[in-house]
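Residues per chain, in single letters:
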Amino acid sequence: MSPMHLAVEQEPVRECQYNQICTRNSSPAEGSLARKGGHRRKWQVFQGRNKFYCNGRIMMARQSGVFYLTLVLILMTSGLFFTFDCPFLASNLSPAVPAVGGLLFFFVMGMLLRASFSDPGVLPRATPDEAADLERQIDTSCPSGPGYRTPPRTREVQINGQTVKLKYCFTCKIFRPPRTSHCSLCDNCVERFDHHCPWVGNCVGRRNYRYFYLFIVSLSCLTLFIFSFVVTHVILSE
């Protein structure tokens, strides 16, 4: 059993990565498959609402229409700049203008794709046996009686000498580590969850926050760069 589910009072919170998701199902079909020596990949038994491509290497939210709009806007704006403005600026100002613009463009696209296709920090759900055992522990620790109201499911742990309350996720059947929230769109608990960003088509969390931040910063630089040199092109053309 996972220490996060059964012994969270005694032990500090341990980081739980997506690659720790159990690849086996408790269904008879999965058991027969395991007996035959085969196995299913982790993304094939994943219980969230994500979409997977390239044999599970690309992970995106199901509602990814706005992400394609983001791609079209960046590609169209940059394409018009490189087609109509860069030739004039390279010959009349400096060849460094299209070179710097190209570097910014590829960096923006790289950070966008990394933020969109990366695992944001999904925590594995409890297995059926772990969930049932945890439910039994909670039921036996809570008194019952007429008019008794069940308190919220929380547990207190000591982290760096401070007491922190862990909230229970009724969907994933786990006590969530600090700064972890359940995304209603992706139906997953995401570690250090910041928000679900439709523009990148993914949640923003522990494992892709840096790429999202670099995407925002580099896109702002690219926008200012294009705007400045479009204005320069107009001034030099007069």
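The residue count restarts for each chain, going from 1 along the sequence in the order it is written. For a predicted model such as this one, the threshold for reporting local features is a pLDDT of at least 70, and the threshold for listing and counting side-chain atom pairs is 80 or more; totals across whole chains, interfaces and linings nevertheless cover every residue. No hydrogens and no water enter the side-chain calculation; it runs on all heavy atoms of the structure.

**So, the confidence of the model for the protein chain**
Each residue gets a pLDDT score, which is the predictor's confidence in that residue and runs from 0 to 100. Confidence in the prediction for the protein chain averages 77 pLDDT; 73% of positions are at 70 or higher. The model gives residues 1-37 a pLDDT under 50, and that stretch makes 70 contacts with residues more than four places away or in other chains. Note on contacts: a residue pair is in contact if any heavy atoms of the two residues lie within 4.5 Å.

**Focus: a nonpolar patch on the surface**
In this analysis, a patch consists of residues with relative accessible area above 30% that form no salt bridge, clustered at 9 Å for like charges and at 5 Å for the nonpolar side chains Val, Leu, Ile, Met, Phe, Trp and Tyr. Each accessible area is a Shrake-Rupley result for a 1.4 Å probe, and residues are judged covered by the shown protein chains and nothing else. Counted as salt bridges are all cases of a side-chain nitrogen of Lys or Arg within 4 Å of a carboxyl oxygen of Asp or Glu. There is a patch of nonpolar side chains on the surface, built from Leu69, Val72, Leu73, Met76, Leu80, Phe84 and Trp199 and spanning about 710 Å² of accessible area. Comment: elements are numbered from the N terminus, with helices defined as DSSP H or I runs of at least four residues and strands as E runs of at least two. Inspection of the secondary structure assignment puts leucine 80 in helix H3 (residues 65-92). The buried label applies to any residue whose accessible area, calculated with a 1.4 Å probe on protein chains only, is under 20% of its type's maximum; exposed applies above 50%, and partly exposed to all values in between. Look at leucine 80 and you get partly exposed, because its relative accessible area is 47%.

**Focus on the environment of phenylalanine 52**
Its place among the elements puts phenylalanine 52 in strand E1 (residues 51-53). Classification of phenylalanine 52 as buried rests on a relative accessible area of 17%. In the structure, phenylalanine 52 is positioned 65 residues away from phenylalanine 117 in sequence and 9.1 Å away in space, judged by C-alpha atoms.

**Remarks on the pairing of strand E4 (residues 162-169)**
Here the rule is simple: two strands pair whenever DSSP picks up at least two bridges between them. By the bridge criterion, two bridges tie E4 to strand E5 (residues 174-175) in an arrangement that is antiparallel. Pairing of cysteine 169 across the sheet is with isoleucine 174, part of E5. Between the antiparallel neighbours E4 and E5 lie four residues, among them lysine 173 with a positive phi of about 60°.

**Focus on helix H4 (residues 96-117)**
When the terminal C-alpha atoms of H4 are compared, their 32 Å separation across 22 residues agrees well with the 32 Å that a helix rising 1.5 Å per residue should span. When we look at burial in H4, the residues that qualify are Val97, Gly101, Gly102, Leu104, Phe105, Val108, Met109, Met111, Leu112, Ala115 and Ser116. Where H4 is buried, its residues meet strand E2 (58-60), H3, strand E9 (202-204) and helix H6 (209-237). A helix is expected to reach a length of 1.5 Å times the quantity of its residues less one.

**So, the packing of aromatic side chains**
Stacked, tilted and edge-to-face are the three classes applied to pairs of Phe, Tyr and Trp rings, where Trp contributes its six-membered ring and a pair requires centres within 6.5 Å; stacked means planes under 30 degrees apart, edge-to-face means over 60, and tilted covers the rest. Tallied over the full model, the rule gives nine aromatic pairs. An angle of 80° between the planes, with centres 6.1 Å apart, marks the rings of phenylalanine 81 and phenylalanine 225 as edge-to-face. In this pair, phenylalanine 81 is assigned in helix H3 and phenylalanine 225 in helix H6, connecting sequence segments 144 residues apart. Here phenylalanine 225 falls in the buried class, since its relative accessible area comes to 12%. Note on phenylalanine 82 and phenylalanine 105: the rings are 6.3 Å apart at their centroids and 80° apart in plane angle, and the pair reads as edge-to-face. With a gap of 23 residues between them, phenylalanine 82 in helix H3 and phenylalanine 105 in helix H4 connect regions that are remote in the sequence. Residue phenylalanine 82 is classed as partly exposed on the basis of its relative accessible area, which comes to 27%. Cluster of aromatic residues (ring-pair linked, three or more members): Phe81, Phe82, Phe105, Phe106, Phe225 and Phe229.

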